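Below, each chain spelled out in residue letters.
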Amino acid sequence: MSDPERPATATHNLRALAQRLLEQARQLGDAEAVTAAEKVHEHAHAETPNTASLASHLATLKTRLQLSPTVNAILDALSNVGL
């Protein structure tokens, strides 16, 4: 990576997407989705996110059609962070 700001920007994007996912899950009103989104949010804000755990929670959320676009965006953001 030649751009030193890229990792910080990618991490910020990941965290913002995790926040959006949490808000969307709450609006959906599905307790299981909210719990999984809270875990994604928690891992996204960790100093070193656990990618295996993130992937597991995201897989649970991907089945919710309303959340799928944000889940896909988070998966893309993960690859940009380099996790």
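Residues numbered from 1 in each chain as written. Predicted model: local features only at pLDDT ≥ 70, side-chain atom pairs only at ≥ 80, totals over all residues. Heavy atoms only, no water.

An account of the nonpolar core is needed here, citing residue identities and associated values.
Soluble, globular proteins show a tendency: their nonpolar side chains are buried together. Leu14, Leu21, Val40, Leu58, Leu61, Leu67 and Ile74 are the most contacted members of the largest nonpolar core, which has 22 residues in total. Where this core is concerned, the elements lending two or more residues are α1 (6-28), α2 (31-44), α3 (51-62) and α4 (68-81). Sorting elements by how many residues they give to this core places α1 first, with 7 residues. Residues in contact with Leu14, not counting those within four places in the same chain, are Ala44, Ile74, Ala77, Leu78 and Val81. (Core = buried A, V, L, I, M, F, W, Y, C linked by side-chain atoms within 4.5 Å. Buried < 20%, exposed > 50% of the residue type's maximum accessible area, 1.4 Å probe, protein only. Helix = DSSP H or I, 4+ residues; strand = E, 2+ residues; numbered from the N terminus. Contact = heavy atoms within 4.5 Å.)

Explain the side chain of Thr70 residue by residue, including any values.
Of note, Thr70 is situated in helix α4. Thr70 gets classed as buried once you look at its relative accessible area, which sits at 3%. If sequence neighbours within four positions are ignored, Thr70 has contacts with Leu17, Arg20, Leu21 and Gln24.

Which residues make up the packing of α3 against α4, and what values do they have?
Closest axis-to-axis distance for the α3/α4 pair is 9 Å, and the angle between their directions is 155°. On the basis of the axis angle, α3 is roughly antiparallel to α4. Relative to α4, the crossing made by α3 is left-handed. Seen from α3, the contacting residues are Leu54, Leu58, Leu61 and Lys62; seen from α4, they are Ser68, Val71, Asn72, Ile74, Leu75 and Leu78. (Axes fitted to C-alpha atoms, helices over the stretch in contact; angles between N-to-C directions. Parallel < 35°, antiparallel > 145°, perpendicular 65-115°, else oblique. Left-handed = near helix turned anticlockwise from the far one by under 90°.)

Lay out the pattern of salt bridges with the relevant residues and their values.
Inspection of the entire model under this criterion finds 3 salt bridges. Note that Arg64 and Glu32 form a salt bridge whose closest N and O atoms lie 3.2 Å from each other. With Arg64 in the loop between α3 and α4 and Glu32 in helix α2, this pair connects stretches of sequence that are 32 residues apart. (Salt bridge = Lys/Arg side-chain N within 4 Å of Asp/Glu carboxyl O.)

Could you give an account of α2, with specific residues and numbers?
With 14 residues, α2 should cover 20 Å at 1.5 Å per step; its first-to-last C-alpha distance of 20 Å lies within 8% of that length. With a side-chain oxygen lying 3.0 Å from the backbone nitrogen of Glu32, the N-terminal cap of α2 falls on Asp30. (Expected span 1.5 Å × (residues − 1). Polar contact = N/O pair within 3.5 Å; in protein donor to acceptor, adjacent residues only side chain to side chain.)

Explain α3 to me, using residue names and the numbers behind them.
An ideal rise of 1.5 Å per residue puts 16 Å on 12 residues; α3 measures up with 16 Å between its terminal C-alpha atoms. By the burial criterion, the buried members of α3 are Ser53, Leu54, His57, Leu58 and Leu61. Projection of α3 onto a plane perpendicular to its axis shows the buried side chains occupying an angular sector of 130°, all on one side. You can read the cap of α3 off the contacts: a side-chain oxygen lies 3.1 Å from the backbone nitrogen of Ala52, and it is on Asn50. (Arc of directions from axis to C-beta.)

Which residues make up the environment of Asn72, and what values go with them?
With respect to the secondary-structure elements, Asn72 resides in helix α4. Taking C-alpha positions, Asn72 is 8.7 Å from Leu58, a pair spaced 14 residues apart along the chain. A distance of 2.9 Å separates the side chain of Asn72 from the side chain of Lys62, its partner in a polar contact.

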